[in-house]
Amino acid sequence: MFQGCYGGTQKHEPDLHIVLERAWQQGLQKVIVTAGCLKDVDEALELASKDERIYTTVGTHPTRCEEFVPDPEGYYDQLRSRIKANRTKVRAVGECGLDYDRLHFCAQETQRLYFEKQLDLAAEFKLPLFLHMRNAAEDFMGILERNRNKIEECGGGVVHSFTGTLEEAQRILAFGGLYIGFNGCSLKTDENAEVVRKLPNDRIMLETDCPWCGIRPSHAGHKHVTTKFPTVKKKEKWTAESLIDGRCEPCQISQVLESIAGIKQEPKEQLAALYYQNTLDLFFGTGESKE
């Protein structure tokens, strides 16, 4: 989408450089690109090589785990080699986990096998995990529990784009060493908002998951959003100054912050500092400033 291509059709010129510049102007200091397969990893590393503020994850999304099947060890070794050759740019193993909502892409058994396999990468390189869980809490937590030593070795992780129940969130936090990541998809319903309201700030991270998961007008969290961006409805009407309706951008992380601050009734500046520090602590060590 940031190359201007939607469903195989070119709608406008590539604008990733403009999207990133808008993010920096909005106050972002770092971007972690989420990779979901080897192709993603290589593209993200190429992008990150051009800007010291951009980093990436290395891993295979649960819906892409069929890519392991033809040559499991070979595919694993390629993931491993990307990490080994790019230690300063790779900040997490993932996106990995379980997604039982989209089994038409990859069967449960395959997902479980290669989710667990990727925990070896995290333990070997002492990299935190960028985790995905959809409608799979029992199996997801079961895999983490029997690999607790590896999770401890790698320093924990974040369960991103969380849309589960309060009970599931509490079980994740009770495991220890894990954060929960929220974006627009996490703020759709009143039930989602209640989960956010009840979770401790020292275990929360913010994200966009762009180009997906923007906060839509129908979302429960939308009423708290105060930052507005010029937006065009149709992709063909793209301009460099405008966002495209339905395509989320990194700059919109400020809207996620505003929504959560409104839900919790806490100052957004205070929450911004806390959530940013959580991110630094997990992905960059604790030596960097909150500012």
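Residues numbered from 1 in each chain as written. Predicted model: local features only at pLDDT ≥ 70, side-chain atom pairs only at ≥ 80, totals over all residues. Heavy atoms only, no water.

*Asks:* For the environment of Y275, give the residues involved together with the corresponding values.
*Replies:* If you trace the backbone, Y275 turns up in helix α10 (residues 268–284). In contact with Y275, not counting residues within four places along its chain, are N201, I204, L206, L257, I260 and K264. Among the polar contacts listed, one links the side chain of Y275 to the side chain of N201, at a separation of 2.7 Å. (Helix = DSSP H or I, 4+ residues; strand = E, 2+ residues; numbered from the N terminus. Contact = heavy atoms within 4.5 Å. Polar contact = N/O pair within 3.5 Å; in protein donor to acceptor, adjacent residues only side chain to side chain.)

*Asks:* Account for the nonpolar core, naming residues and giving values.
*Replies:* With 61 residues, the main nonpolar core has F115, L129, F140 and F162 as its most contacted residues. Leaving out residues up to four positions away in the same chain, F162 has contacts with M133, E168, A169, I172, I180, G181, F182, S186 and V195. In this structure, Y55, F130, Y179 and F284 belong to the second largest nonpolar core, which totals 11 residues. (Core = buried A, V, L, I, M, F, W, Y, C linked by side-chain atoms within 4.5 Å. Buried < 20%, exposed > 50% of the residue type's maximum accessible area, 1.4 Å probe, protein only.)

*Asks:* Explain the state of the cysteines to me, and be specific about the residues and the numbers.
*Replies:* With the rule as written, the count across this model stands at one disulfide. Put simply, C185 and C213 are joined by a disulfide, and their sulfur atoms are 2.4 Å apart. Between C185 and C213 the sulfur-sulfur dihedral comes to about -95°; the bridge is accordingly left-handed. Taken together, the positions of C185 in the loop between β8 (178–182) and α8 (190–198) and C213 in the loop between β9 (204–206) and β10 (231–232) put the pair 28 residues apart, joining distant regions of the chain. Summary of cysteine pairing: C96 is not part of a disulfide, and the nearest cysteine sulfur, belonging to C65, is at 8.3 Å. C96 gets classed as buried once you look at its relative accessible area, which sits at 0%. Unpaired in terms of disulfides, C210 finds its nearest cysteine sulfur in C248, a separation of 5.4 Å. Relative accessible area serves as the criterion here: at 23%, C210 is assigned to the partly exposed category. (Disulfide = S-S within 2.5 Å.)

*Asks:* Help me get a handle on the sheet that holds strand β3 (residues 31–33), residues and values and all.
*Replies:* Judged by pairing direction, the sheet is parallel, and its seven strands sit side by side in the order β3-β4-β5-β6-β7-β8-β9 without closing on themselves. Each end of this open sheet is capped by a strand with a single partner; those strands are β3 and β9. The mean angle between the axes of side-by-side strands here comes to 30°, regardless of whether they run parallel or antiparallel. As paired strands, β8 and β9 are joined by three bridges and run parallel to one another. Directly across from F182, in β9, lies its bridge partner L206. Lying on the sheet, helix α4 (residues 108–125) is in contact with β5 (90–99) and β6 (129–134); it crosses β5 at an angle near 160°. The sheet strands contacting helix α9 (residues 253–264) are β8 and β9, and the helix crosses β9 at an angle near 140°. (Pairing = 2+ DSSP bridges. Axes fitted to C-alpha atoms, helices over the stretch in contact; angles between N-to-C directions.)

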